[in-house]
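Close look at the chain arrangement
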Amino acid sequence: MACKNVCKLCDRLVLSQAITFAAETGGAPGTLVVNLPEGSYNNNCKYCIILAQAIPPTTTIGANVVFTIGTGTQLYPLVNKCCRPVTACGVRTRTKYSVCVETTATGATFKMLGNPACQPNNNLWAVNGTAPVAEPATPEVGA
């Protein structure tokens, strides 16, 4: 079958309008904010979101990815299929992400239908009731 030279794009294809990084203080990783076009994003509906702008180079890899809509200030988290927050290291510029919007009485979550890109897993191997012990610092040479 030959490729069509003229195609209609899906009505639920959404291109981001802006991508910004909001740094946190106190050691927190910050937030990667993706602004979506104004409109209503319906409960249990699938949307294909493309991150159309470059991710700011100052973004930390552990920053949670959230969406804003139009001129609104409400933040809507992007979570993976297991409902864990997606961080900046799990998304790429010029990439399409299929999401399903899940609304609540007070907000919404954008749930990724696939897997995020190479997002590291820093989960503990096991727990035994005691706090994890940090690796001892290596002494500086000449100290």
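Here the structure is shown first, and the text comes after it.
Procedures and definitions
Residues numbered from 1 in each chain as written. Predicted model: local features only at pLDDT ≥ 70, side-chain atom pairs only at ≥ 80, totals over all residues. Heavy atoms only, no water. Pairing = 2+ DSSP bridges. Helix = DSSP H or I, 4+ residues; strand = E, 2+ residues; numbered from the N terminus. Axes fitted to C-alpha atoms, helices over the stretch in contact; angles between N-to-C directions. Buried < 20%, exposed > 50% of the residue type's maximum accessible area, 1.4 Å probe, protein only. Contact = heavy atoms within 4.5 Å. Core = buried A, V, L, I, M, F, W, Y, C linked by side-chain atoms within 4.5 Å. Phe/Tyr/Trp six-rings, centres within 6.5 Å; stacked < 30°, edge-to-face > 60°.

1. Section: the sheet that holds strand E5 (residues 64-69)
Strands pair in a sheet through their backbones, by hydrogen bonds, and they do so in one of two ways: parallel or antiparallel. If you walk across this open sheet you meet the 8 strands as E1-E4-E7-E8-E6-E5-E3-E2, and the pairing is mixed. Lying at the two open borders of the sheet, with one neighbouring strand each, are strand E1 (13-15) and strand E2 (18-22). When the angles between neighbouring strand axes are averaged without regard to direction, this sheet yields 35°. Pairing analysis gives 3 bridges linking E1 to strand E4 (residues 46-50), with the strands arranged parallel. The residue of E4 that forms the bridge with Val14 is Ile49.

2. Considering the pairing of strand E7 (residues 96-103)
By the bridge criterion, 5 bridges tie E4 to E7 in an arrangement that is antiparallel. Opposite Tyr47, over in E7, you have Val99 as the bridge partner. Pairing of E7 with strand E8 (residues 108-112) involves 5 bridges; the strand directions are antiparallel. For Glu102, the partnering residue across the bridge sits in E8 and is Thr109. From the end of E7 to the start of E8, which pair antiparallel, there are 4 residues.

3. Here's the deal with the environment of Gly30
The topology assignment puts Gly30 in the loop between E2 and strand E3 (31-36). Owing to a relative accessible area of 6%, Gly30 belongs among the buried residues under this scheme. Setting aside anything within four residues of it in sequence, one finds Gly30 in contact with Phe21, Ala22, Ala23, Glu24, Ala63 and Asn64.

4. Let's talk about the side chain of Thr68
Relative to the helices and strands, Thr68 resides in strand E5. In this view, Thr68 contacts Val33, Val34, Asn35, Leu36, Gln74 and Leu75; residues no more than four positions away in its chain are not counted.

5. Here's the deal with the nonpolar core
Among the nonpolar cores identified, the biggest contains 26 residues, and Ile49, Leu78 and Phe110 are the most heavily contacted of them. Breaking this core down by element, the ones donating at least two residues are E2, E3, E4, E5, strand E6 (76-79), E7 and E8. With near-sequence residues (within four places) excluded, Phe110 lies in contact with Leu36, Tyr41, Ile49, Phe67, Tyr76, Pro77, Leu78, Val79, Val99, Cys100 and Val101.

6. Overview of unusual backbone geometry
With a phi angle near 60°, Asn44 is a residue other than glycine that sits in the positive phi range. Looking at the element boundaries, Asn44 is found in the loop between E3 and E4. On the accessibility criterion, Asn44 (57% relative accessible area) is exposed. Of note, the phi angle at Arg94 is positive, near 60°, even though the residue is not glycine. Mapped onto the secondary structure, Arg94 falls in the loop between E6 and E7.

7. Some words on the side chain of Asn80
Considering the arrangement of structural elements, one finds Asn80 in the loop between E6 and E7. Those residues within four positions of Asn80 in sequence are excluded, and the remaining contacts are Val86, Lys111, Met112 and Pro116.

8. Quick word on the packing of aromatic side chains
Tallied over the full model, the rule gives 4 aromatic pairs. Ring centres of Phe67 and Phe110 lie 4.7 Å apart, and the angle between their planes is 55°; this geometry places the pair in the tilted category. Residue Phe67 is located in strand E5, and its partner Phe110 is located in strand E8; the two are separated by 43 residues in the primary sequence. Just as Phe67 is buried, Phe110 falls in that class too. Ring-pair connections join several aromatic residues into one group, and the members of that group are Tyr41, Tyr47, Phe67, Tyr76 and Phe110.

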